[in-house]
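Observations on the three-dimensional arrangement
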Amino acid sequence: MSKLYHYCSLFILSLCLIMPASGAEQGEFYFIPGIQWGEFDDGLDDDWGYSVGFGLQITDRIAAELSSFDLDTKDSLGIKSDVDHFKLDLLYDLDAANPRLTPFIVGGLGHLNFAGENDTLFDIGAGIKYEVTNNLEWRTTIRKFEYFGRSNGELDWGIDTGLVFYFGGASTRPASRPSTPVATTPVPPAEVPPSDRDGDGVPDNRDDCPDTPRTYAVDANGCPIPVEEIARIELLVNFDFDRSEVKPEYFAEIEEVADFMRRFPEVIAELEGHTDGVGTVEYNQGLSERRANAVRDVLIDRYSIPASRISAVGFGENQPVASNDTAAGRAQNRRVITVIIRAEQNYQAR
């Protein structure tokens, strides 16, 4: 046991050296129950058992975890043996192309009680985890265990899998890491001048509002320029994490905006899209624009509002209405609101 205390002390000291001063206050705790499979070099049967662990997410990539597993196995003579293992690990997340699927590496120190005999050992391994929801992950790890003080080179292997439940603290754990959008090659300009059917000065191939009246001043996308805001309507259109599809449950809210616009044909609407703080600034900017355009498409396609009366703009993660440190706050920030603007002052001479 003295060796175990010695190695654990060194391990905890190294953990403190790499951990930022505010990490413990900002970290999120988690609980992981699961199952364990083990393969032994010393003639024991391979067997399944249960495992349980508690951890702290120190940064968005590093976590510290204390865990244990219990196996009941048999030797070559059929005699049952109880295997109890306690270990302290560090986990480090690697970069991933899929925002919900994250590979990681792990290493740590442990104590093993096998049929009343005690050993100190260390483990190294790798695994992968999948984000089921914002506070729940499924995780599988394969590890190699090596014993201190043994000269015969015995090695044991293990596979553990379980569900990770996050709770408490101000999370620094990203629910996911969106991949960087792939840059597209710009299409060279056509030799023939592009068509401009509504005569607003913006070619049809990049005109988001193709039927704008000729008397309206327009922006670079061909949509009316906001001049005077007369109403701001909270649509309460919220989105799932990393999604831009409008759920049918919000159609009634959107229809109220459509009815208002039918009663007052002189106004135009600007849709503002927003995201939570998870992910890169660039990714969230594009996601907020997709959300605003998704609501715009519902107004046009489902409720027959002219495209020239609706514009869409994204603000990314820059205008939160709630804290991004909680799941409930992040859900409120994934939203679209509507601004109603007077159209009669959008006139310009052409």
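What counts as what
- Residues numbered from 1 in each chain as written.
- Predicted model: local features only at pLDDT ≥ 70, side-chain atom pairs only at ≥ 80, totals over all residues.
- Heavy atoms only, no water.
- Core = buried A, V, L, I, M, F, W, Y, C linked by side-chain atoms within 4.5 Å.
- Buried < 20%, exposed > 50% of the residue type's maximum accessible area, 1.4 Å probe, protein only.
- Helix = DSSP H or I, 4+ residues; strand = E, 2+ residues; numbered from the N terminus.
- Contact = heavy atoms within 4.5 Å.
- Phe/Tyr/Trp six-rings, centres within 6.5 Å; stacked < 30°, edge-to-face > 60°.
- Lys NZ or Arg CZ within 6 Å of the ring centre and 35° of its normal.
- Expected span 1.5 Å × (residues − 1).
- Arc of directions from axis to C-beta.
- Patch = residues over 30% accessible without salt bridge, like charges linked within 9 Å, V, L, I, M, F, W, Y side chains within 5 Å.
- Areas by Shrake-Rupley, 256 points an atom, 1.4 Å probe, with all protein chains shown as cover.
- Salt bridge = Lys/Arg side-chain N within 4 Å of Asp/Glu carboxyl O.
- pLDDT = per-residue confidence, 0-100.
- Polar contact = N/O pair within 3.5 Å; in protein donor to acceptor, adjacent residues only side chain to side chain.

Some remarks on the nonpolar core
Across soluble globular proteins, nonpolar side chains show a tendency to be buried alongside one another. Counting 23 residues, the largest nonpolar core has L235, V237, V246, I254, L271, V295 and L299 as its most contacted members. Only strand 9 (228-238), helix 3 (251-263), strand 10 (267-273), helix 4 (281-301) and strand 12 (335-342) provide two or more residues apiece to this core. Beyond its immediate sequence surroundings of up to four residues, L271 is in contact with L235, A292, V295, R296, L299, I310, S311, A312, V313, V336, I337 and T338.

Side note on the packing of aromatic side chains
One pass over the structure, following the stated rule, counts four aromatic pairs. Taken together, a centroid distance of 5.0 Å and an interplanar angle of 35° make the contact between F31 and F54 tilted. Of the two residues, F31 is situated in strand 1 (residues 28-39) and F54 in strand 2 (residues 47-57); the sequence distance between them amounts to 23 residues. Here the guanidinium or amino end of R290 rests over the ring plane of Y283, the centre of that ring lying 5.8 Å away.

Some thoughts on helix 3
Three- or four-residue spacings in an α-helix give side chains the same orientation, since the helix completes a turn every 3.6 residues. Between its first and last C-alpha, helix 3 extends 18 Å over 13 residues, near the 18 Å set by a 1.5 Å rise per residue. Regarding helix 3, the residues found buried are F251, I254, V257, A258 and M261. Considered in projection along helix 3, the buried side chains sweep an arc of 120° and stay on one side of the axis. Facing away from the buried side of helix 3, by more than 90 degrees, are the exposed residues E256 and R263.

Notes on a nonpolar patch on the surface
A grouping of L101, I128, Y130, V132, W138, L163 and F165 is seen on the molecular surface, where their side chains present a nonpolar patch of about 550 Å² in accessible area. The set of elements that each furnish at least two residues to the nonpolar patch consists of strand 6 (117-133) and strand 8 (155-167). Considering every element that reaches the nonpolar patch, the biggest residue donor is strand 6, with three residues. Turning to its location among the elements, I128 is positioned in strand 6. The class of I128 is partly exposed, set by a relative accessible area of 31%.

Side note on the environment of D84
Examined against the element boundaries, D84 turns out to sit in strand 4 (residues 80-93). Taking the C-alpha atoms as reference, D84 lies 7.3 Å from S68; in sequence the two are 16 residues apart. Non-local contacts of D84, meaning those with residues more than four positions away in its chain, are made with F69, D70, H111, L112 and N113.

Section: the environment of R290
Looking at the element boundaries, R290 is found in helix 4. For R290, a relative accessible area of 40% translates into the label partly exposed. If near-sequence neighbours (up to four positions away) are discounted, R290 is found in contact with S244 and Y283.

Side note on the confidence of the model for the protein chain
On average, residues of the protein chain score 78 in pLDDT, and 73% of them are at 70 or above. Highest mean pLDDT in the protein chain belongs to helix 4 (93); lowest belongs to helix 2 (residues 23-26) (40). Predicted confidence for residues 1-25 stays below pLDDT 50, and this span has 27 contacts to residues more than four positions away or in other chains. Across residues 344-350, where pLDDT falls below 50, the model places 24 contacts with residues more than four positions away in sequence or in other chains.

A closer look at the environment of D89
Mapped onto the secondary structure, D89 falls in strand 4. For D89, a relative accessible area of 0% translates into the label buried. Residues D89 and G55, spaced 34 residues apart in sequence, show a C-alpha to C-alpha distance of 9.1 Å. Separated by 3.3 Å, the side chain of D89 and the backbone nitrogen of G108 make a polar contact.

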